[in-house]
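One-letter residues, chain by chain:
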Amino acid sequence: MRSSKTIHVISAHAEGEVGDVIVGGVTPPPGETVWDQRTHIAEDQTLRDFMLNEPRGGVFRHVNLLVPPKNPEAAAAFIIMEPEDTPPMSGSNSICVSTVLLDSGILPMHEPETRLTLEAPGGLVRVRAECRNGKAERIYVQNVPSFVDKLDARIEVEGIGTLRVDTAFGGDSFVIVDAADLGFDLTPDEGADLARTGARITDAANEQLGFNHPTKDWNHISFCQIAGPLNRQGDILTGRNTVAIKPGKLDRSPCGTGASARMAVLLAKGQMSMNDRYHARSVIDSEFRCRIVDQLDLNGRMAITPEISGRGWITGTHQHMLDPEDPWPGGYRLSDTWGA
Ligand SMILES: O=C(O)[C@H]1NCC[C@@H]1O
């Protein structure tokens, strides 16, 4: 066996969504801040290509790189690599990172509860983990400030017509559309159609509405959330959704950044209060339990601190290698699975 690089990974998923974690074999990228390091990874593409592209990756895979934190409050930092973007924050990935850090012993676990602060490119996130018998059983993540951008905007989508949408940021940027307006029930058999339709709506929203984060250099809409109806029982709102991730896959988890964005919209529309809980369900029936922790001012905009919680599990370990004679050191993508 020979290899010109070896990258050590602990693989995990959070409520169905893959979030592998690189725990060794990669030196920290250059940059004064974790955001700058994120930008380097995004512009350089070498690590993204090696880990996300086939034959090592695939369209369903997200990979997180652990880096030493820049902020002294944080115990660890992570840079998230998703198929198209290297985002500010991710719910499922932060749960995978927390699970790997605690369940593998990289950070000490305290039972019945471990508290730690992680540094995502988008900012600090406070984590509380319920732990039992050496396992972090449920991870609670206080997300970065989340806010509404546009409410009840109209976009034209070729082949669909006029759609009423909201746009919001929940650690990443979303266009949110009602499933009923598209005739979807959000069932697994609709998967391919949901992913293709969502990608087209994201494109239309970027062309017609756009998005600019008030404090970060994040100037596009990443995802389309197709949101099902909400059912209220007491102070718990439960609703199914799916999030189309470009170039054309669905989030298997209920999407933590999506739930954060949706809660900002629900609060702004008076459909959710600070005392309510939101239980977001995915197309595979997994669940994130979410709430709004507080409200704040973000450069003149009303924002919320959302909390999302879910479960993560380790699925294996891998050493990804590169034979110096492999003709595809950066891998490849084909439109059969990578196309929308
Ligand atoms: O939970 C989330 O926020 C996400 N899952 C995959 C895509 C998003 O980052």
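How each quantity is defined
Residues numbered from 1 in each chain as written. Predicted model: local features only at pLDDT ≥ 70, side-chain atom pairs only at ≥ 80, totals over all residues. Heavy atoms only, no water. Domains from an automatic or database assignment. Contact = heavy atoms within 4.5 Å. Buried area = accessible area lost by both parts, 1.4 Å probe. Salt bridge = Lys/Arg side-chain N within 4 Å of Asp/Glu carboxyl O. Helix = DSSP H or I, 4+ residues; strand = E, 2+ residues; numbered from the N terminus. Buried < 20%, exposed > 50% of the residue type's maximum accessible area, 1.4 Å probe, protein only.

**Looking at the domain arrangement of the chain**
Now for step 1: Domain annotation of the chain identifies domain 1 (6-142 + 314-319) and domain 2 (147-309).
Now for step 2: Spacing between the C-alpha centres of domain 1 and domain 2 amounts to 23 Å.
Now for step 3: At the junction of the two partners, domain 1 supplies 28 residues and domain 2 supplies 31 residues.
Now for step 4: Between domain 1 and domain 2, the buried area comes to about 2200 Å², and carbon and sulfur atoms account for 59% of it.
Now for step 5: The interface formed by domain 1 and domain 2 holds 1 salt bridge in total.

**A look at the pattern of salt bridges**
Now for step 1: Taken as a whole and assessed by the stated rule, the structure comprises 24 salt bridges.
Now for step 2: The salt bridge partner of Glu325 is Arg2, with a shortest N-O separation of 3.4 Å. Highlighted residues: Glu325 in the loop between β18 (312-321) and α7 (335-338) and Arg2 in the segment before β1 (6-14), separated in sequence by 323 residues.
Now for step 3: Overall, Glu325 belongs to the exposed group, its relative accessible area being 60%.
Now for step 4: With its nearest N and O atoms 2.7 Å apart, the salt bridge here joins Arg240 to Asp285. A residue pair is termed long-range when its members are at least 10 positions apart, and Arg240 in strand β13 (residues 236-245) and Asp285 in the loop between β15 (277-281) and β16 (287-298) qualify at 45 residues.
Now for step 5: The structure contains a network of salt bridges with shared partners spanning Asp152, Arg164, Asp166, Asp178 and Lys269.

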